[in-house]
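# Results of the structural survey
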Amino acid sequence: GGGTPGTANSENKGEPKRGGRLRAAFAGGGAAETLDPHLSNLFADAARAKALFDKLADYGSDMTPRPRLAERWEAAGPGLDRWTVTLREATFHDGKPVTAEDVLFSYRRIADPRKAFRAKASLEPVDLDASRATGPRTIEFRLKRPTAEFPNVLAAFGAYIVPKGTERFDRPVGSGPFRFVSFTPGRSARFRRNDAYWDGAPHLDELEVVVAGEESARVGALLGGQVDYAHELNPATARAHEGKGRIEIVRLRNSAMQGFAMKTDRAPFDDPRVREAFFLIADRQELVDGALSGAGEIGNDLFGKGYAHYAAGLPQRVQDLDRARHLLKAAGAEDLRVTLDTSPVAAGFTEAAGIFRDQAKKAGVTVEVRTGNKDSYWKDILDSGTLASYRSGAMPIESHISQRLLTGSTTNATHWRHKDFDDLYQRLQSTKDTAGRTALYERLQRRLHTEGGFLVWGFADWIVGTGRRVRGVARDAPANTLDWARFDTVWFA
Amino acid sequence: MNRWIARRLLLGLAQTAGVVLLVFALTEALPGDAAVALAGDDPDPARIAAIREALHLDRPAHERLADWAAGLLHGDLGVSLASGRPVTDALAAGSGPTLLLAALTLVPLVPLGVGLGVLAARHEGGPVDRAVSAVTLAVYAMPEFALGILLVTVLALRLDWLPPTAVGYGTDLLAHPAVLVLPVLVLLSRPVCSLGRLVRAGMTEALASPYVAQARRYGVPGARVRWAHALPNAVAPAAQQLARTADWLLCGVVVVEALFAIPGLGTVLVDAVAARDVPVVQGLAVVFGLVAVVLNLGADLVARRFAPRAGVAA
Amino acid sequence: MRTARTPGAPRTRLTARTGRRFLLGAAVAGVPLLIALLGPWLAGAEGPRGVSFTAGGGHRLGTDFVGRDVLRQVLLGGRSVVAVSVTATALAYLVALPLGLAAALTRRAWLEETLTRPLDVLLAVPSLLLLLLVAAVYPPGTAGLAALVALVNVPDAARIVRAGAAEAAARPAVEALRAQGETWWRTAVGYVARSMVRTLAADAGVRLTGALYLVATAAFLGVGVEPDAADWAVMVDRNRTGLSVQPWAVVVPALLVVALTVGVNLLCDAGTSTARKRDRGRKGERR
Amino acid sequence: MRSPKRADAETGTEGGARADAVAEIRDLRVEIGGRAVVDGVGLTVRPGRVTALVGASGSGKTTTGLALLGEYPDGARVTGDVWVAEGPVGYVPQHPASVLNPARRVGALLTDIARTGTADLPRRARRAAGRARVLAALEAARLPDGAEVLTRYPHQLSGGQQQRVVLAQALLLGARTVVADEPTTGLDALTRRRVAGELAAVARRGVAVLLLSHDLDLVRDLADEVLVMRAGRVVESGPAEELWLRPRHPWTRELLGGPGGTADGGQERGRPRTPAVPAPGPVTAPLPVTVPLPVAVPLPAPDPAPAPARDTVEGPAPVLEARAVTARHRGTPALLRDASLSVRAGECLAVVGRSGGGKTTLARCLAGLHSRYEGQVLLDGAPLPRSLRRRDRAQLAAVQYVFQDARAAFDAYRPVLDQVARTAVRLRGVRPGAAEEEAVAALGRVGLSEGTARRRPGGLSGGELQRAALVRALLARPRVLICDEVTSGLDSVTRRGVLRLLADLAREPAGPALVLITHDLDTAALADRIAVLDAGAIVEQGPAAEALTAPRHPFTRALTGSPGAHGPR
Ligand SMILES: Nc1ncnc2c1ncn2[C@@H]1O[C@H](COP(=O)(O)OP(=O)(O)OP(=O)(O)O)[C@@H](O)[C@H]1O
Ligand SMILES: Nc1ncnc2c1ncn2[C@@H]1O[C@H](COP(=O)(O)OP(=O)(O)OP(=O)(O)O)[C@@H](O)[C@H]1O
Ligand SMILES: [Mg+2]
Ligand SMILES: [Mg+2]
């Protein structure tokens, strides 16, 4: 697709009006849904958590952390392993102020080894036992090692601040823009404006997050005026309604990386030539057109297009079947047969797998597509198989590397384990000046581009539909960033 | 007769136990468990292990089943792995919309299916028959979602007569009957055809029989002949089909629930399976098993009633 | 007042009428069957992919969910639909018919219970679970798929067979056959099933369609045919997301499935028609 | 159709000729597959009069009768005129079971018929009035216990009860015309007499009755006019008395000459008969007269000498024995109480009794078709399994049963010949080809041509089917043959032939012992011994002649009536 990301819609201008109730439809998780923000897993969870709670920081559209409850942060000393965070003045819905103790409680709760909260891995660098409150609104975080990108931790997915002592979330109390009214798991959650919100009270009187798992239901509800905001629409639907005047289509660019993960320690992909041949097999535009219906951009085998520190200077790879064949021959991998694991777990997966299978055939590679169970897919491909469909939501490039590409990474789906690469990353984290870090980012990415295990063929748009009267929906915020699903800035025209 | 029913009900308990066992085995045999499902796209092995321990999934399957069964004897269906809430909550929440939809579908289904079948049989081979057959079959051959989307597009979005989905209507669907029209229409579409076809088949046979000829000959009004004399001979297979339909309606109509965002038992099932939430799946299995027992018994009773000679043979 | 009950004109077998009745069914079912049969030869080579769900652009029926030419997919997609669904339905009946008949014909309560109760158990197990499990443990294959679809249909079909057979199984004709020492098979299939053939045809006719879409669901979960296979049912299922932009990708295969279903059923109707007899009965009152 | 306009036009042109008729058939020809089943038949049915069609089995009576209802066999070419007065026509079919709805209680249709007659009553009274009418009709049809019968399903009735239910339907209808096809075949002599009386009463009320019957007693008692049919043609017709006294056609004479033909049938038996007359025209219908049986030979009169001898100790051991059989149906009290009987090889035992008395039930117990009984059934002294499903082939072959309702006992979709031949294949291991030849030969002996037998059951007349059923059982070469009313649908000539055949077979060294269940006392008289069944109990058993001529039990006396009681009038 074309268009310029981030252009402010003319309709988003104008004086915001107060009032009204907005209904937002998300795909949900059924009766198992909770309002515990640390358990957030789905987009619906994240949207609800965002309405009720705040994090210390959140990502801007380029994936750099922006202060939220934290007013500012700075490295305390030269080592980059002690950071001081100062909170802004904010109160929870029950009127109590947000304090350093609440932050520490929340982080310790997340890191509790007996629980398995998602953000625990992100908080791993923090030594919470050693960290302490130095004032009612200041915290000193002690880290296990120098971490130049520590602010990313504060913005981690699910790292919400809850009042100290909270264990139950039947009637959650947060510091977010909306107060809790009611919640039925798998159906709807209702919230009311928090007039005392530190970032300015929302324009809306009320917000209701409703659940509709099927896309056509969300579209139908939106078209029929039953909801005013529908999250996650299909590209085809978007094309059908874009510019027709009935609803507004918002494309959140670069929201999801799409690719294939090759196990770099297993035959045939333990040979860099085979990996490169596979990079060359992919016709990225065909994949974007076929699997994403054109709603996305092509990728260059690197994560994070459009984000801070992305190595945009590297040459774009294009399909080159002759060279691919040549490389395979050199690697002794003629008549190669590989099994490609895929699953209907994410949009475009099975489609891309089928397209890639056909592309590979032209290079003499037989790809056998194996459709796996979607509920256990991510676990299954982590250690078994050799080639698998892969995707990733938005996160800083640093997080992508630390979570997936280091020897000790917990979800290293490409089995990319190189001491020198690890060292380079550590150097990056210990480098204070931005320019130096940028150079290191470039080096890391160049390495991945030549011989990494991720074949990143595209970046999918995240498509949101809104009612015609809805204003103030951010148009350049990839999913999971600050401005995505942010309803305190939305108003009805 | 009463003994037969009693025996069947007793066997039904065993049958339900069989269903539960089978469902347990199937769910266990599925790849991954609740911990893996909870971990989702962040399958950190340590995290999965921690969840597994927290949920006691590290215990052997038979022990978990035994515990669950012991709880069942006290009327306790256990606690959902995914939400930590009692399984009965999930079932209760799901069964409201399901019961409502099932009832609203069955009420028009029986007269409609039977009526169309009788109508077609009455004009067998004629244009009316062919029209009824072709239309019902065409509707039947249309996938549910396509029909649903078509109806939504035309009736809700173009003509604006009905709400397109049940999104946001909460639990009290009955208070907004308009919301239920489209789902019921879609749910009706297929059973009407299969029921109608079976009734038609039985009716054609019966209408061509000498006993119907006798009734006609003796001046019994045509409608009475069809409904009171021919139809009883066509009901046994149709009753089975009806029981199957009711079973399907009560045990979750996944597509329609998804299409109209109605969180019934079908959605509960899909979610529970996806989450490998074994206690909830087990609870559903109990419900499904009992529903099947009762419905099958009913259908068999009807079949016996309308084939009174059966069972007499030596 | 008097009524004439004899025709003035002599009566003959109404072959022409019956022929016409068959003709309609054959015409309706003929289109999909012909496409299924000849389509693969007409399809031609695979062209380049386009953007998914677009109309035009050199594609007469637009593109499908992965950007392929819908027309080509339609031409290719009939064989597996017809083959798998017909095989699966036949297979289901191959099992269900003896089971249902045995249950209807036996006098031993225990035998009936052992035959039908396990099926009832299967009936109560959500087919979603079965499909998922098979998808997880069974290597995809068309034969396996047909078997699976058959398995899902067996309990249902067996019950209908049993219910339909109960009356016929108790007729004196069956007693006479037994007294003749007739084989079970001839009694059950040759007589009892024969006398309920209309019910069986009606049930099998609609079951065929059910089987068809189950194949599509299974394909999506990874059982049987590939999830992007050229198969009408799979096409209908997978192209649904583009229904609003590119309806042809759903409408054309769906219409073919509809035509197949309607046609086959009309043929069945014509084959088991009793109208011929009743025509005569009525004509008797014409002068 | 019945548009008044057209009816008027018709009345205008032809009404005069039929001023007093309610139905008329003129020059009817029904041709199936090139063969005329009915050819040039004409008859007039008048109110208050009983018109009887008699004739050989397969001569076209039923086909003619059905023409009045506007019904013709499958694939028939029909020419001629059939006129029937407006309004329903009552019909008592030859096989009553076929018109009884298996899924509904007997009362259902009766109530509906009654309703048509109570439409003008106030709504509240209708129900009661309808019920009263139904009960009256059942009473008239000589079904006692009408209220109870109404709640039964057809299969819970005996053959005769079914027949009377159907008769009650016809009586209830109040039609101006009633076609009664063999209305008394399943009835015992007592009931038959009463039913005949009722039919006469119906006729007296102004109803036109077309009676199709083999029962010459009945015909003679009732008929005002008789038409004698043969091979699809009416060979002779005229007022009943005249025909009876001075039959012109030799065929009529032969027909009337059989047992029961006249009260003094005994004297006629010995009279030499006119040789068979070849069938007229191209008609190939097999005629009973062509049966290769010694027609002129007197019927096997009960042989007084050996019969008592068999009762003594040194006689051969019984082949089949029932010991203290007490049978019940599901949920009923015992219908058969402590019944014991036995047959020896070569012996013929007749079982007689009231309709509904339990004869069929007894036979079904013997045949293994009814297993809800206490007591024992022994074959050669060894107990037989109760259900025929547990009997092995030898046991199946040894005891064969011929069903009372022949039509119901055949598969309507397969040719009769195939079905008949299967017995030899299955029970005697004969090759299919040979079995078919054997079946054709055996069918020929009872007067059924191969062409007839190759048709499906629907293409055979009632009597033809009955004979086919008999042959089907005979092909098993049974040790014991249980015949449940196998001659009820046969004309006197054919009946004689069939009985002769059976008697001959029984006399052969390995021939079957016969258990003849019959309402026809003349037929019973041919047996060696007679068992009399009353309300489920065997009240009398003994040599045939003795039981019939000097009945000891009052019930037997009632059944046989006073000497010469066959002609009440
Ligand atoms: N569908 C048919 N095809 C050929 N022949 C037939 C068909 N239906 C009847 N017939 C023949 O027509 C003849 C007359 O049959 P019909 O039933 O009228 O005889 P019937 O006089 O009533 O004999 P019965 O006393 O034995 O009942 C029989 O020979 C029979 O075989
Ligand atoms: N399935 C049944 N359930 C209940 N009662 C039955 C059933 N079958 C028969 N009867 C009753 O049992 C009695 C005996 O029936 P059966 O058929 O033995 O009489 P039958 O002597 O053969 O009479 P017919 O001469 O009329 O054929 C009848 O009164 C009948 O109504
Ligand atoms: Mg007849
Ligand atoms: Mg009887």
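Cut-off values and rules
The numbers attached to residues start from 1 for each chain and follow its sequence in the written order. Each chain gets a letter, beginning with A, and each ligand a number, beginning with 1, in the order they are written. Reporting in this predicted model follows two pLDDT cut-offs: at least 70 for local features of residues, and 80 or more for side-chain atom pairs to be given and counted; totals over whole chains, interfaces and linings ignore these cut-offs and use all residues. Side-chain metrics rest on all non-hydrogen atoms present in the structure, leaving aside hydrogens and water. UniProt positions are given in the numbering used here, feature names are shortened, and annotations may be inferred rather than shown by experiment. The contact criterion used is simple: two residues touch if any of their non-hydrogen atoms lie within 4.5 Å. Throughout this description, the term salt bridge denotes a Lys or Arg side-chain nitrogen within 4 Å of a carboxyl oxygen of Asp or Glu. Here a polar contact is taken to be a pair of N or O atoms separated by no more than 3.5 Å, where protein atoms must pair a possible hydrogen donor with a possible acceptor and residues adjacent in sequence count only if both atoms sit in side chains. The secondary structure listing takes helices from DSSP runs of H or I that are at least 4 residues long and strands from runs of E that are at least 2 residues long, numbered from the N terminus. Remark: exposure states derive from per-residue accessible area (1.4 Å probe, protein chains only) relative to the maximum for the residue type, with buried under 20%, exposed over 50%, and partly exposed in between. Each metal site is built from N, O and S donor atoms within 2.8 Å (3.2 Å for Na, K and Ca), and since water is not included, such sites may look incomplete. Helix span is expected to be 1.5 Å times the residue number reduced by one. In this scheme, strands are said to pair when DSSP sees at least two bridges between them. Lines fitted to C-alpha atoms define the axes here, with helix axes fitted over just the stretch in contact, and angles between the N-to-C directions of these axes take values from 0 to 180 degrees. If a single non-hydrogen atom of a residue is within 4 Å of a molecule or strand, that residue counts as near it. Reported accessibility uses the Shrake-Rupley method at a 1.4 Å probe radius. Residues are deemed covered only where the shown protein chains occlude them. Domain ranges listed in this record stem from an automatic or a database domain assignment. For this classification, the nonpolar set comprises Ala, Val, Leu, Ile, Met, Phe, Trp, Tyr, Cys and Pro, the charged set comprises Asp, Glu, Lys and Arg, and every other residue, Gly included, is treated as polar. Planes of paired rings set the category: under 30 degrees apart is stacked, over 60 is edge-to-face and the rest tilted, where pairs are Phe, Tyr or Trp rings (Trp by its six-membered ring) whose centres lie within 6.5 Å. Definition used: whenever NZ (Lys) or CZ (Arg) falls within 6 Å of the ring centre and also within 35 degrees of the ring normal, the charge is taken to sit over that ring.

For chain C, an unreviewed UniProt entry supplies the name ABC transporter permease and the organism Streptomyces albireticuli. What UniProt states about chain C under its Sequence similarities (unreviewed entry) heading is, verbatim, "Belongs to the binding-protein-dependent transport system permease family."

## Digging into the interface of chain B and chain C
In this complex, chain B contributes 61 residues to the contact, which on the side of chain C involves 56 residues. Counting across the chain B and chain C interface gives 7 salt bridges. A salt bridge links R197 of chain B to D269 of chain C; its shortest N-O distance comes to 2.9 Å. Here chain B and chain C share 12 residue pairs in polar contact (both at pLDDT 80 or more) between them. Where the side of chain B that touches chain C is concerned, the elements lending two or more residues are α1 (2-29), α5 (87-122), α6 (127-141), α7 (144-158), α8 (177-207), α11 (235-250), α13 (265-274) and α14 (278-306) of chain B.

## Quick look at the UniProt feature "transmembrane region" (unreviewed entry) in chain C
Residues and elements named next belong to chain C. In the numbering used here, UniProt assigns the feature "transmembrane region" (unreviewed entry) to residues 21-43, 81-106, 204-225 and 245-268. As annotated, residues 204-225 comprises 82% helix and 0% strand, and the C-alpha atoms at either end are separated by 23 Å. With 88% helix and 0% strand, residues 245-268 has end C-alpha atoms that lie 37 Å from one another.

## Details of the side chain of K55 of chain A
Residue and element names in this part refer to chain A. With respect to the helices and strands, K55 occurs in strand β2 (residues 54-55). For K55, a relative accessible area of 6% corresponds to the buried category. Reaching out from K55, the side chain makes a polar contact with the side chain of D58 at a distance of 3.5 Å.

## Quick look at the coordination of the magnesium ion (ligand 3)
All names here are of chain D. Here the magnesium ion (ligand 3) is held by the protein donor atoms T62 (OG1) and Q94 (OE1), which lie 1.9 to 2.2 Å from it. Of this pair, T62 sits in helix α2 (residues 61-67) while Q94 sits in the loop between β5 (89-92) and α3 (106-117), placing them 32 residues apart in sequence. Of the residues examined, T62 reaches a relative accessible area of 23% and is grouped as partly exposed. Q94 gets classed as buried once you look at its relative accessible area, which sits at 13%.

## A closer look at the interface of chain A and chain C
In this complex, chain A contributes 21 residues to the contact, which on the side of chain C involves 24 residues. Where chain A touches chain C, the interface holds 4 salt bridges. With its nearest N and O atoms 2.3 Å apart, the salt bridge here joins D358 of chain A to R49 of chain C. In this structure, the connection of chain A to chain C is made through 10 residue pairs in polar contact (both at pLDDT 80 or more). Of all elements in the fold, only α5 (235-241), α7 (284-291), α9 (349-362) and β17 (366-371) of chain A reach the threshold of two or more residues within the side of chain A that touches chain C.

## Comments concerning the pattern of salt bridges
Residues and elements named next belong to chain A. Under the criterion given, the structure shown has 102 salt bridges over all chains. Ionic pairing is found between R145 and E124, a salt bridge with its closest N-O pair at 2.6 Å. Linking R145 in the loop between β8 (138-143) and α3 (150-154) with E124 in the loop between α2 (100-111) and β7 (126-135), this pair joins segments that are 21 residues apart in sequence. Taking relative accessible area as the criterion, R145 reaches 30% and is therefore assigned partly exposed. For E124, a relative accessible area of 35% gives the class partly exposed. With its nearest N and O atoms 3.5 Å apart, the salt bridge here joins R437 to E149. Of the two residues, R437 is situated in helix α13 (residues 434-451) and E149 in the loop between β8 and α3; the sequence distance between them amounts to 288 residues.

## Considerations on helix α6 (residues 159-173) of chain D
Between its first and last C-alpha, α6 of chain D extends 22 Å over 15 residues, near the 21 Å set by a 1.5 Å rise per residue. Among the 15 residues in α6 of chain D, 15 count as buried, and that is most of the element.

## Describing helix α9 (residues 197-221) of chain C
Residue and element names in this part refer to chain C. If you check α9, its first and last C-alpha atoms are 35 Å apart, about what 25 residues at 1.5 Å a residue would give, namely 36 Å. The element α9 is extensively covered by neighbouring structure, given that 20 of its 25 residues are classed as buried. Within two residues after α9, G222 carries a phi angle of roughly 100°, on the positive side.

## A closer look at the coordination of the magnesium ion (ligand 4)
Geometrically, a metal with four donors at the corners of a regular tetrahedron has ideal angles of 109.5 degrees, and one with six donors at the corners of a regular octahedron has ideal angles of 90 or 180 degrees. Each protein donor to the magnesium ion (ligand 4) is listed here as T360 of chain D (OG1) and Q404 of chain D (OE1); together their distances run 1.8 to 2.2 Å. Remark: Q404 of chain D occurs in the loop between β15 (399-402) and α15 (416-428) and T360 of chain D occurs in helix α13 (residues 359-367); sequence separation between them is 44 residues.

## Side note on the sheet that holds β8 of chain A
Residue and element names in this part refer to chain A. If you walk across this open sheet you meet the 4 strands as β5-β6-β8-β7, and the pairing is antiparallel. In this open sheet, the two strands that pair with only one neighbour each are β5 (70-75) and β7. When strand polarity is set aside, the average angle formed by the axes of neighbouring strands in this sheet is 20°. In this sheet, β8 lies alongside strand β6 (residues 82-87) in antiparallel orientation, the contact comprising 5 bridges. Pairing of T86 across the sheet is with T138, part of β8. The sheet contacts of α2 involve β6, β7 and β8, and relative to β7 the element is tilted by about 170°.

## Describing the site of ligand 2
All names here are of chain D. Taken together, 22 residues sit near ligand 2, with R152, Q161, S355, T360 and T361 positioned nearest. Note that an oxygen atom of ligand 2 is positioned 3.0 Å from one of the backbone N or O atoms of Q156. Take T361: an N or O atom from its side chain is 2.5 Å from an oxygen atom of ligand 2. Here ligand 2 loses 94% of its free accessible area of 640 Å² to cover by the protein chains. For the shell around ligand 2, the elements supplying multiple residues, two or more each, are α6 and α13. Two domains share the shell around ligand 2, each providing at least three of its residues, namely domain 2 (101-171) and domain 3 (318-413 + 476-560).

## Some points on the site of ligand 1
Residues and elements named next belong to chain D. The immediate surroundings of ligand 1 are formed by 22 residues, with S57, T62, T63, R455 and S461 found nearest. Between S59 and ligand 1, the recorded distance is 3.2 Å, taken from a backbone N or O atom to an oxygen atom. Interatomic distance of 2.5 Å between a side-chain N/O atom of T62 and an oxygen atom of ligand 1. Contact with the protein chains hides 93% of the accessible area of ligand 1, taken as 640 Å² for the molecule alone. Of all the secondary structure elements, the ones that give two or more residues to the shell around ligand 1 are β2 (35-45), α2 and α18 (462-474). Considering only residue class, the shell around ligand 1 consists of 4 nonpolar, 14 polar and 4 charged.

## Quick notes on the packing of aromatic side chains
Here the structure, examined in full by the defined rule, presents 22 aromatic pairs over all chains. Ring centres 5.6 Å apart and planes at 85° place the aromatic pair W378 of chain A and Y390 of chain A in the edge-to-face group. Taken together, the positions of W378 of chain A in helix α10 (residues 377-383) and Y390 of chain A in strand β18 (residues 387-393) put the pair 12 residues apart, joining distant regions of the chain. The exposure class of W378 of chain A is buried, given its relative accessible area of 9%. Each member of the aromatic cluster is reached from another via a ring pair, and the members are F349, Y377, W378, Y390 and F454 of chain A. When the ring centre of Y413 of chain D is taken as reference, the NZ or CZ atom of R194 of chain C above it lies at 3.5 Å.

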